[in-house]
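Structural characterization, general
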Amino acid sequence: MGDRKGPRTNILLSWAMVISSIVSCCSRADYNIAIGFLVLMLRSLTSTEKLKLGTKGVIHIILLSLIFDIIWIIQYTGYWTHGEDSSDLWKSLSLVHNLAYYLGICEFLLKIPITFFLYKQFIEQGGQNMELLSLKYSSK
């Protein structure tokens, strides 16, 4: 595997995503906790083929979650505003809502380098780009 900086950085980014997801749960249900722990779980796989298949699966899950994140960011940008015409209750939640909204954007941005490091790991394990286009997860 050579360079240990990539896996270590990926672990730190995954923990950052898990922690920000836990905090953002104050205002919204955040599935990124599971994704962060899934990335961390890959460390326990010892067989190269299992690790390659696991990495491929996590890459697919993260790419799917990026699509959901984009939809969430677009959908809630207009609804999570706290202007003058908002009720007092809605205004009282502005800190929590804004924190969850910005953490959602941060989680989206954290997934980009995580995916890059996982892709690099996948290629180092002998994976091919065309394999990532397949949804087949069985060993050869």
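Here, the structure is the one placed above.
Residues numbered from 1 in each chain as written. Predicted model: local features only at pLDDT ≥ 70, side-chain atom pairs only at ≥ 80, totals over all residues. Heavy atoms only, no water.

1. Here we look at the environment of N32
Inclusion rule: The secondary structure listing takes helices from DSSP runs of H or I that are at least 4 residues long and strands from runs of E that are at least 2 residues long, numbered from the N terminus. By the convention used here, residues are in contact when the closest approach between their heavy atoms is within 4.5 Å.
For N32, the position within the fold is in helix α2 (residues 32–41). Once the C-alpha coordinates of N32 and S20 are considered, the two residues, 12 residues apart in sequence, prove to be 8.8 Å apart. The residues contacting N32, other than those within four sequence positions of it, are M17, S21, D69, E107 and K111.

2. A few points about a nonpolar patch on the surface
Where we set the bar: Candidates for patches are residues over 30% relative accessible area with no salt bridge; among them, like charges are joined within 9 Å and nonpolar side chains (Val, Leu, Ile, Met, Phe, Trp, Tyr) within 5 Å. In short, Shrake-Rupley with a 1.4 Å probe defines the accessible areas, and a residue's cover is counted only from the protein chains shown. Salt bridges are identified by distance alone: a Lys or Arg side-chain nitrogen within 4 Å of an Asp or Glu carboxyl oxygen. Exposure is judged per residue with a 1.4 Å probe applied to protein chains only, and the accessible area is read against the type maximum: over 50% gives exposed, under 20% gives buried, and values in between give partly exposed.
Taken together, the side chains of W15, I19, V23, F37 and L99 make up a nonpolar region of the molecular surface, amounting to roughly 440 Å² of accessible area. At three residues, helix α1 (residues 5–24) tops the list of elements feeding residues into the nonpolar patch. You can see F37 is positioned in helix α2. The exposure class assigned to F37 is partly exposed, which follows from its relative accessible area of 40%.

3. What to know about the packing of α2 against helix α3 (residues 48–77)
Here is the rule we go by: Lines fitted to the C-alpha atoms define the axes, with helices restricted to the stretch that makes contact. Angles between their N-to-C directions range from 0 to 180 degrees. For classification, angles of less than 35 degrees are called roughly parallel, those exceeding 145 degrees roughly antiparallel, those between 65 and 115 degrees roughly perpendicular, and all remaining angles oblique. Left-handed describes a crossing whose near helix is turned anticlockwise from the far helix by less than a right angle; the clockwise case is right-handed. Three classes are used, and their members are as follows: Ala, Val, Leu, Ile, Met, Phe, Trp, Tyr, Cys and Pro are nonpolar, Asp, Glu, Lys and Arg are charged, and the others, Gly among them, are polar.
Orientation of α2 relative to α3, taken along the N-to-C sense of each, is 160°, at an axis distance of 11 Å. The orientation of α2 relative to α3 falls into the category roughly antiparallel. Here α2 runs over α3; the crossing is left-handed. Along its contact with α2, which presents N32, I35, L38 and V39, the element α3 presents V58, I61, I62, S65 and D69. Counted by class, the contact of α2 with α3 contains six nonpolar, two polar and one charged residues.

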